[in-house]
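Tertiary structure, described
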Amino acid sequence: MTIPMTELEIDDVAFLTGADGNGHDGSDGKHQSSTSCAGLICPNSSAKSRHHHRHHRHSDGQSGAHSVLNWRKSNVLTMGLCSLLVITIIALIIAFFPFHNQCFTGHTLSHTGSYGPDADHRQHKPDSSGTGSRHQLSQSPLLSTTGELFPWTDIRLPAFVVPFSYELSMKPNMTTFYNTGSVSIWLTVTERTDFVVIHTKKLNITDITMTSADDMDVPVIRRLECTQHEQLFIGFDGLLVPNRNYSLRLTFERQLEEQLEGFYVSSYVDTRTGVRKYLLTTHFEPTSARSAFPCFDEPALKASFSMKLVHERDFEAFFNSERVDRVPYNKEGLIMSVFEPTVPMSTYLVAFIVCDFNIHAKQTREGINIRAIVPDEQDSQSNYALNSAASILSYYQEFFNITYPLSKLDLVAVPDFGGGAMENWGLITFRTSVFLYNDNESNSETQEQVAIVVAHELAHMWFGNLVTMNWWDDLWLNEGFASYIENLGVNYIHPEWKMMEQFVVTTTQYAMAMDSLQTSHPIRADVKNPTEIEAIFDMISYKKGASLIRMLDNFLGIDNLRIGLSAFLHKYQYKTAKTSDLWHSFSDASRIHGINVSAIMDTWVNQKGFPVITVRRIGNQLMLNQRRFLSSIPDSDNIDDPSDISPFGYKWIIPVTIITDRSPRESRLVWFNTSEMSIPFDAQHQWFKVNVNQSGFYRVNYESDQWLALTDLLNNHNYNRHVLSAIDRSNLLDDAFSFMRIGILDVNLTMSLSLYLRNGERDYIPWETALYHFGIMDMLMEQNPSLHRYICGLIEPLITIWGWKDQTTDPMLLRKLRALLLRAAVTYGDKQSIQVANRYFQSWMINGTKIPANLREVVYTTGVQYGDQREWMHCWHRYMNTSIPSEKKLLLLSMGATRNSWLLARYLNSSLDKNRVRPQDTVHVIQTVARNPMGRDMVWRFVRENWHQFIRMFGEGSFSLDMIITETTWHFLTRFELKQVQQFFESVTVGSGAQAYRQGIEKIRTNIYWKDHLEHLVINWLAKHTGDDVVL
Ligand SMILES: [Zn+2]
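Description of the structure in this document. (Residues numbered from 1 in each chain as written. Predicted model: local features only at pLDDT ≥ 70, side-chain atom pairs only at ≥ 80, totals over all residues. Heavy atoms only, no water.)

Grouped together as the largest cluster of nonpolar side chains are 316 residues, with contacts concentrated most on Phe293, Phe352, Trp604, Phe774 and Trp947. Those residues in contact with tryptophan 604, other than ones at most four positions away along the chain, are Lys544, Leu548, Met551, Phe610, Pro611, Trp652, Ile653, Ile654, Pro655, Phe697 and Tyr698. (Core = buried A, V, L, I, M, F, W, Y, C linked by side-chain atoms within 4.5 Å. Buried < 20%, exposed > 50% of the residue type's maximum accessible area, 1.4 Å probe, protein only. Contact = heavy atoms within 4.5 Å.)

The general pattern is negative phi for most residues beyond glycine and trans for most peptide bonds. Here the bond from glutamate 285 into proline 286 is cis, since omega is 0°, no more than 30 degrees from zero. Its place among the elements puts proline 286 in the loop between β9 (275–283) and β10 (304–311). Residue phenylalanine 177 is not a glycine yet carries a positive backbone phi of 60°. Within the secondary structure, phenylalanine 177 sits in the loop between β1 (161–172) and β2 (178–189). (Helix = DSSP H or I, 4+ residues; strand = E, 2+ residues; numbered from the N terminus.)

All right, on to the coordination of the zinc ion then. Tetrahedral coordination by four donors places them ideally at 109.5 degrees to one another around the metal; octahedral coordination by six donors ideally gives 90 or 180 degrees. Ligation of the zinc ion by protein atoms is provided by Met1 (N), Met1 (O), His456 (NE2), His460 (NE2) and Glu479 (OE), these donors lying 2.0 to 2.4 Å from the ion. Counting along the primary sequence, the residues that act as donors to the zinc ion give the motif M-x454-H-x3-H-x18-E. On the criterion of sequence distance, the pair formed by histidine 460 in helix α8 (residues 444–460) and glutamate 479 in helix α9 (residues 475–493) is long-range, its members being 19 residues apart. Here histidine 460 and glutamate 479 have matching classes, each one buried. (Donors = N, O, S within 2.8 Å, 3.2 Å for Na, K, Ca; no water.)

A word on the sheet that holds strand β7 (residues 246–255). Reading across from one edge, β4-β7-β2-β1-β10-β13-β12 is the order of the seven strands in this open sheet, with mixed pairing throughout. Both outer strands of the open sheet, β4 (204–212) and β12 (323–328), are each paired with one neighbouring strand and no more. Direction aside, the axes of adjacent strands within the sheet are offset by 15° on average. As defined by bridge partners, β1 adjoins β10 across six bridges and the pair is classed as parallel. Residue pairing for β10: leucine 168 is matched across the bridge by methionine 307. (Pairing = 2+ DSSP bridges. Axes fitted to C-alpha atoms, helices over the stretch in contact; angles between N-to-C directions.)

Here isoleucine 221 is to be found in strand β5 (residues 220–226). Linking isoleucine 221 and isoleucine 234, residues 13 residues apart in sequence, is a C-alpha distance of 7.8 Å.

Here five strands make up an open sheet; going across it, the order is β15-β16-β17-β19-β18 and the pairing mixed. Each edge of the open sheet carries a strand with a single partner, namely β15 (358–363) and β18 (421–422). For β15 and strand β16 (residues 369–374), the ladder comprises six bridges, and the chain directions are antiparallel. Looking across to β16, one finds that isoleucine 359 is bridged to isoleucine 373. The strands that α8 touches are β17 (408–414), β18 and β19 (427–431); relative to β19, the one it contacts most, it runs at about 150°.

Here you go:
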């Protein structure tokens, strides 16, 4: 999946606001110990556990049976031996605890032992920070909807039931949106049982039957539903036995709703006719398949799915697999579309859609049919995504050396979509703004974003779909790899975009900003319930994951990486795998190099954070020291937080690379696996740089003379004759500014390093890094005019050279840099740039003069910021009426820039009206108003007033909650505001925003530290360098 806060948006936010981008939640830092019973309730204690069950296991033939029936038989015997009084007591007990007596009568439910803590995918491992599982022990008994105790207490399903195929049929009504359906699930059991547990959520289950393969009925005698665990317990009168197939058939119904997960209703208005049209679509990852049909909704329980979808004649139905038939269903004109069985796959990858969209098709050179499925009006905007997909799919087949296993791949633009895109196998769904690209109207960033998202989802066809993580704790295997491989895919179709160079600013530096907080989490996160699972779809899984793969790529070499990946995918295809399985594949591939990939990578994957290496030159030696890097000031109240303990004691096995003035092109690799190490080094070297091309996930701090030497190196070279690569220049800026903000690098050294930008930098990447950090400083210094003058001074020469021309013949990175610098010029108050932008806006508003695509963002924002109601209304009108998603998004983001507080309030209120702003975009309105210094207090009030509505709108597990928390709190600078934030979020449900809240608190504390201890030093430096007598 691509998560909704796309790179484009992140960059925007970072640049405009200086937010350090911790916009996403991670797993809970405060882990609770796991004491919950993995299985059926034992009478002695609902949570007392597996050992008890194991202790009571019988050695007879019944020992493997999960028997409700057995309990009854033996209980009769017990009762026969007892007095009437005892019988009465037992009867009372039975009435009160219907399933409790298994242990009591000795008919142990051995699965609770053998499939509890010991079984493979049932392990309740302590989490990697050594603080135990986050599986929360429920304080109250687990009840079913009838009020009875729910017999299965584990949030994971029993491991002894193995589904292998689903026959689905659905009949949604396109007028009432009422869906009726049925599913026959073929399954086997590995041990005898008289019950199964299956997932279901908000479905009205109307009938359940169970038959064996020889058509014998297995009567269902009990069904209990537990909404808390989203499970259905089905008890049988008879045993299911191993080595036999059974068919579990359930019929169900549900009112479909306009939401963003499960099987849901979406709509769009054709702007040519004004008619609203409806479609039905799905989004299941991670745990919403269960709300569309009852299923065994865990990624390891792969099965084949076939589908029959009944729909109206004017609509088409789409599914993961090819349609094999389209036949009349009844006299009323309904049609039934029949789809062939899929390859074995996880439930979260199932998708089906009923819509009236247009279809554009293209074949890859291997003959795979790729189709873009989009609303008629937006048809022509899908060409770029379609062509990119066809090329990248062929490239990946070659790269992985594994054929794409399906005969078709559909790409669908979904008008209402919570994420960025979703890799449903054979039927990928996209948010329209990252799928549709208009050659004349969309900017370079949109084009790049479409290519990246397409490449990301296609990478999942192998990483995620063919080989899937065994459980969600290894989500990073899916997302980290897709986020790395996407760059190779885009690089294949657009080598001139230099994706691997851009990687450091789009991914590595961003991940470091996140992961340097004390409230970060290890990349492998122990998760159990749906909210925790949702929460790990965060920047650590995606961006740190991808950064670690890049580090691995750098020390293994791309050929070994490719061989290892290919071996891994071959070995585990159609199955699931864990992180350790992947490392073994790489170790095999790189054996000749003697690199122990597991040992190295375990230190990066199983502990949070990353190191800072301090380098000192002593005679003919370089002394290296490593310790954990924290970008925040430790909370003195929380210094011994147990979640902060690392199994590796915050030491990493680090690939240290070095270049020097004597060999600037030849990187030396040294492995650093102790706290301190010295390496021989020629004392004559003038300069050296560690972490070449920022390929390692760590920071480097030098002594002052070395920082000065590197500053000289940058200042003494013209922009086109740099000795250090663009990535290295960007890396120095990123490390230095990150150190300066917490007072571990001198302000004078850091600010002086940035002086070279004025005449010495014309590359996009270092500028992106510099402006990102200036954005943070601008927030901390509350739009300090000296800082604004300083930044404008740095960018002025390039604005003069490149001006306001967006030439399509220019390289994409130059077009991006020009747009970036113009935005900075306007943000930091360059009068001339503001005038030009306003002229463009007025001419567009009054005469309809077209604005070049890459200039629109700055022009719209400036027009709104320096205009009033008329300018704002013009944008609003265009927003409501354009059919170009990229344009719609730009307009949405620009309207938050107004300085008219009445308009801001009105805008915020509109974000809660789904006919004006789609719920998927509500958070962007909040974001853009929060970026506006005039809107910050207003948005904070708005969020507090409407928090309960957000929880209702998005759900407790939504991405949106953490984005809202981050966006509205990052800029607070005072103890008063800190207290306000704490008081508010401690008093409400924060759901998956819990991590964002803790990060927010950590960031505000650090902001306060900056104000108290560092700001005056920067102000002094700026006074010296922006005064009349100072030459920039
Ligand atoms: Zn993904």
